[in-house]
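Each chain is listed here by its residues.
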Amino acid sequence: MRPPPDIGRAVKEIVAKDGQGEVIAVFSRASYVGIDATIVALLSTSEASGPLHARVQNPPKVRLGDRAVVAGGRLYIGGGLVDLPSLCWEPEPLPSGAPIAGILGDLLMHEPVLDLGSAGGGSLATSLERALDRGGIGEACQGIFGRGAGLTPSGDDVAAGLLLADALHGLSDDATRLAIVADAPTHAISRAFLAEAARGQSIEPMHRLLAACALRDLPAANSARTELAAIGHTSGLDLAYGALVGFRHAADVAAAARPARLMTSRALAQITA
Amino acid sequence: MSVAQRELPTEANIINLGLPLFAEAVREQGATVTHVDWGVPSGSEPEVVAALTRAYGVRSVAFDVANAEVIVRLDKASPMLTAVAPAGEVIPRLGDRMLLHAGPPIEYGSVCDPLRRSMRAAVVAEGWALDVESAESLLASGTVLLGAANDHDTVVPMATALGPTTPVWVADNHEAGTRGFAPVNQGPGEVPWFGRETPAAVARLIFLRDVAQPRLAKILEGLAESKGPLDIMSMAAQGVQMGDDVHMRTQATTNLLVREMLPFIAALGDDAGSLEFADYLSKNHLFYLTIAMAAAKSLTLSAQQVPGSTVVTTMARNGTTFGVKIGASQVWHITDAPPVADALYYAGFSDRDAALDIGDSAVLELVGLGGAAAAGSPAVAAFLGGSMADAARATDEMTRVCLADSTRFKIPVQGFRGTPFAVDVRKVVETGIRPKVTTGILHRSSGGGQIGAGVATAPIEGFRAGLFALDDDGAVM
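The model shown is predicted, which means the values in this text are computed figures rather than measured ones.

## Things to note about the overall build of chain B
Part 1: Along the backbone of chain B there are 16 helices and 17 strands.
Part 2: Expressed as a percentage of its 477 residues, the buried residues of chain B come to 55%.
Part 3: When contacts within chain B are restricted to residue pairs at least 6 apart in sequence, those whose partners lie at least 24 apart make up 71%.

## Some thoughts on the overall build of chain A
Part 1: Scanning chain A for helices and strands turns up ten helices and eight strands.
Part 2: Counted over contacts in chain A with a minimum sequence separation of 6, partners at least 24 positions apart contribute 67%.

## A look at helix 5 (residues 174-182) of chain A
All names here are of chain A.
Part 1: For helix 5, the full list of buried residues reads Arg177, Ile180 and Val181. Viewed along the axis of helix 5, the buried residues span an arc of 100 degrees, placing them on a single side of the element. For helix 5, the exposed residues lying more than 90 degrees away from the buried face are Ala175 and Ala182.
Part 2: Elements that come into contact with the buried residues of helix 5 comprise helix 3 (124-142), helix 4 (154-169) and helix 6 (188-198).

## Observations concerning the sheet that holds strand 4 (residues 38-44) of chain A
All names here are of chain A.
Part 1: With mixed pairing, the eight strands of this open sheet are ordered in space as 1-5-4-3-2-6-7-8. A strand with exactly one partner marks an edge of an open sheet, and here the two such strands are strand 1 (6-7) and strand 8 (80-82).
Part 2: Bridge count between strand 6 (residues 67-71) and strand 7 (residues 74-77): four bridges; the pairing is antiparallel. Counted as the bridge partner of Val70 is Leu75 from strand 7.
Part 3: Helix 6 rests against strand 2 (19-26), strand 3 (30-35) and strand 4 of the sheet, and its axis sits at about 95 degrees to strand 4.

## A word on unusual backbone geometry
Part 1: Backbone geometry at Asp36(A) places phi at a positive 50 degrees, although glycine is not the residue there.
Part 2: The topology assignment puts Asp36(A) in the loop between strand 3 and strand 4.
Part 3: Backbone geometry places Met158(B), a non-glycine residue, at a positive phi of 45 degrees.

## Things to note about the sheet that holds strand 6 (residues 167-173) of chain B
Residues and elements named next belong to chain B.
Part 1: Overall, antiparallel pairing links the four strands, which are arranged 7-6-3-8 in an open sheet. Across the chains shown, the open sheet's two edge strands, defined by having one partner strand only, are strand 7 (178-183) and strand 8 (230-231).
Part 2: Strand direction decides the pairing type here: strand 3 (residues 80-86) and strand 6, joined by six bridges, are antiparallel. Within the sheet, the bridge partner assigned to Ala85 lies in strand 6 and is Val168.
Part 3: Sitting on the sheet, helix 7 (residues 199-227) is in contact with strand 3, strand 6 and strand 8, with an inclination near 150 degrees to strand 3.

## Quick word on the nonpolar core
Part 1: Residues Leu163(A), Trp169(B), Ile232(B) and Ala292(B) are the most contacted members of the largest nonpolar core, which totals 230 residues.
Part 2: Beyond its immediate chain neighbours, meaning those up to four positions away, Ala292(B) contacts Ile232(B), Ala236(B), Val246(B), Leu364(B) and Leu369(B).

## A few points about the pairing of strand 9 (residues 312-318) of chain B
All names here are of chain B.
Part 1: Burial runs high along strand 9: seven of the seven residues are buried.
Part 2: Looking at chain direction, strand 9 and strand 10 (residues 321-326) are connected through five bridges and run antiparallel. Each residue of the ladder has a partner; that of Val312, found in strand 10, is Ile326.
Part 3: Remark: two residues form the turn of the hairpin made by strand 9 and strand 10, two consecutive strands paired antiparallel; Gly319 in that turn has positive phi of roughly 85 degrees.

## Here's the deal with the confidence of the model for chain B
All names here are of chain B.
Part 1: Per-residue pLDDT for chain B averages 92, and the proportion of residues at 70 or more is 96%.
Part 2: Confidence drops under a pLDDT of 50 for residues 473-477, and excluding neighbours within four residues, the segment shows twelve contacts in the predicted structure.
Part 3: Scored by ipTM, the complex comes to 0.72, with pTM at 0.69.

## Remarks on the pairing of strand 5 (residues 53-56) of chain A
All names here are of chain A.
Part 1: Where strand 1 and strand 5 come together, two bridges link them in antiparallel fashion. For Ile7, the partnering residue across the bridge sits in strand 5 and is Ala54.
Part 2: Note that strand 4 and strand 5 share four bridges and pair parallel. Among the inter-strand pairings, Ser44 is bridged to a residue of strand 5, identified as Val56.

## Looking at the packing of helix 7 (residues 204-214) of chain A against helix 9 (residues 235-257) of chain A
Residue and element names in this part refer to chain A.
Part 1: Where helix 7 meets helix 9, the axes come as close as 10 Å, and the angle between the chain directions of the two elements is 45 degrees. The angle between the axes of helix 7 and helix 9 places the two elements in the oblique class. For the pair helix 7 and helix 9, the crossing hand works out as right-handed. Residues Pro205, Met206, Leu209 and Leu210 of helix 7 form the contact with helix 9, whose participating residues are Gly236, Leu239, Ala240 and Ala243.
Part 2: Its residues assigned to classes, the contact of helix 7 with helix 9 shows seven nonpolar, one polar and no charged.

## What about the packing of helix 8 (residues 232-241) of chain B against helix 9 (residues 251-266) of chain B?
Residue and element names in this part refer to chain B.
Part 1: The N-to-C vectors of helix 8 and helix 9 enclose an angle of 130 degrees; their axes lie 8 Å apart at closest approach. Looking at the two axes, helix 8 sits oblique to helix 9. As helix 8 packs across helix 9, the resulting crossing turns out to be right-handed. Contact residues: Met235, Ala236, Gln238 and Gly239 in helix 8; Ala252, Thr253, Leu256 and Leu257 in helix 9.

## A word on the environment of Val124(B)
Residues and elements named next belong to chain B.
Part 1: Among the structural elements, Val124 can be located in helix 5 (residues 113-125).
Part 2: C-alpha separation for the pair Val124 and Ile206, spaced 82 residues apart in sequence, amounts to 9.6 Å.
Part 3: With residues near it in sequence (within four places) discarded, Val124 still touches Ala129, Asp131, Val132, Ala135 and Val202.

## Side note on the environment of Ser274(B)
Residue and element names in this part refer to chain B.
Part 1: Here Ser274 shows up in helix 10 (residues 272-282).
Part 2: Along the chain, Ser274 and Arg215 lie 59 residues apart, while their C-alpha atoms are 7.6 Å from each other.
Part 3: Excluding its chain neighbours within four sequence positions, the residues that come into contact with Ser274 are Arg215, Leu268 and Gly269.

## Re helix 3 (residues 60-76) of chain B
It helps to recall that an α-helix has 3.6 residues per turn; residues three or four apart then point in one direction.
Residues and elements named next belong to chain B.
Part 1: Under the 1.5 Å per step criterion, the end-to-end length of helix 3 is 24 Å for 17 residues, consistent within 8% with the ideal 24 Å.
Part 2: All buried positions along helix 3 are accounted for by Phe63, Ala66, Asn67, Val70, Ile71, Arg73, Leu74 and Asp75.
Part 3: Elements in contact with the buried residues of helix 3: helix 2 (46-56), helix 11 (289-303), strand 14 (402-411) and strand 15 (417-423).

## Describing the environment of Asp390(B)
Residue and element names in this part refer to chain B.
Part 1: Turning to its location among the elements, Asp390 is positioned in helix 13 (residues 388-401).
Part 2: A sequence separation of 15 residues divides Asp390 from Ala375, and the C-alpha atoms of the two residues are 8.0 Å apart.
Part 3: Residue contacts for Asp390: discarding those within four places in its chain leaves Ala381, Leu384 and Gly385.

Reading guide: rules and limits
Residues numbered from 1 in each chain as written. Chains lettered and ligands numbered in written order. Predicted model: local features only at pLDDT ≥ 70, side-chain atom pairs only at ≥ 80, totals over all residues. Helix = DSSP H or I, 4+ residues; strand = E, 2+ residues; numbered from the N terminus. Buried ≥ 20, exposed ≤ 12 C-beta atoms within 10 Å, placed from the backbone. Contact = placed C-beta atoms within 7 Å. Arc of directions from axis to C-beta. Pairing = 2+ DSSP bridges. Axes fitted to C-alpha atoms, helices over the stretch in contact; angles between N-to-C directions. Core = buried A, V, L, I, M, F, W, Y, C linked by C-beta atoms within 7 Å. pLDDT = per-residue confidence, 0-100. Parallel < 35°, antiparallel > 145°, perpendicular 65-115°, else oblique. Left-handed = near helix turned anticlockwise from the far one by under 90°. Nonpolar A, V, L, I, M, F, W, Y, C, P; charged D, E, K, R; others polar. Expected span 1.5 Å × (residues − 1).

This is the structure:
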């Protein structure tokens, strides 16, 4: 059973100031409204929460190109008022310092399909880890932005996972991550989701999966994975894959940052003996 | 192998089908893209797509023949202003204790606040009650019958309640033998058509009946004797070229008419009534509105004589519901009345104060005026986003759901192209583009009258019902 109607952080920010735009995409389960430079995903309460999501009891039937206006804290689409809930969704917090990558890697069992050409060898994860080591989050994301299939291309979903992990670990700052997203060669809807990941939020099952992994709650983690698998063509699992690579990288960074243990003379003697 | 070392082809020529956001993303990246504006019709709903397939398929030849006849009738006939008379003397089937109102038929219990107030004012003016409180009792008891004006060959603006003594314009469409009626416009201020029921509002109805109607009748007689009856749409066509949409703005057309009437107004003399009449006339910039509406009704009545068309022949709102009729059918397809969006409000008011859309004036949009003529009207552009490009977009949208361009209403700023007319229910449902209606906005509950103006967008549900009814020969053919 889904929680009551809510809006995401970005939607709350959008309706806080007057603006206008139009409906830029309509699908059976969600409609996307471009307002100024960002997006509102309008959907029913049977869908999961998220930072760009406005989950309402009876989503209005909107059409591509319908005018959208935000005025006085209200959202109007095609002349009709959209009854936005006041409840603002916040993701489940992660226990600090808990290992996540291990259990997440064990249960994910997914390999994204990106059109990266036929010349490459090795797994995508290896490629991404090397890019992260060499040029950081920027290089890793730029190599995959816009690649692959789907409304949000698979490459963008993986990049969103990388950005989310980076943001949750605070490896780089918000401005750096948002600058990377601003240049992403992709479309407006995907860029909006990437920007929210760069600010540390993604869709609700993703956060639930990470929290379950941190608590080593396998049934909850598997349940969240199942939900992610139903999102988009492969978007949910691609997102989790990116997060997995990002969390592994964060663990490596944390390990590298720990002070090296001093070798005792006895230990040295054992090695050199 | 790093991620960055894997390469896509360096050049690509792209064709994008459907959502434009993908084309825009590719274009932003400097690649060549050809965008094809395509989508599954009508929101991909299977039963609607099936109905469209039937309407555009096996039956399209018959529809096209009927529609061609409707186009000629709407475009070529010249309704003449032949009389102004008490409604009870000319309007068919108007009972002795009956009020006509805008939109689909409605029970008094469901009537919106502005229309209730207007009805109470009309009951008092008709002499059926001494005050509005007594009028409320009569209306609530059902002693006063209510009727949809459109079902009596009549159209009324906003919250007008039309009784037997209300003076109405008579527009004769001699080509088709049809006759349309609309009340003489009440003017601005404390007036019932804006939902007022004050003593001044009642007095305005009495003034129209006792003072304005006999004088207007004299003026029309004078006009007819000197130049023949007024060709209503010919004058409206001049107004369109002078910036009127002949719905929300009729200033130019009104001025043209008053100029024609001037010798006969002067001949009325300088008695108190004539001076009061002149004062009313000088302040009424929407005086031509209802004359154009009567003419438009006579045209749509002629369209209803043609069996088997897919043209929308009635589009009306009563502040509670919105209704359309398709082709020759007398069946109302009814849904909830829409709010008036794209609105400008007087200081201190907002959409929270606004009543739902009301009035029969959308008949003008069906014949190429109003929203269809927005592209040539700077005054209307202010309500559609502010720029002439926004106004042009409104007219362009109407073009996408209409079957023809007018040969008489021309828009100078668009190279004298004709305004679109003959709304095709198939196109409305197929594209999802709902006709836009330029209109006033009334206060929803205070009786404060008009609080703004804007553009209402007709809801799609009535058109869908009309499309499905095309399958029922009895209803349309």
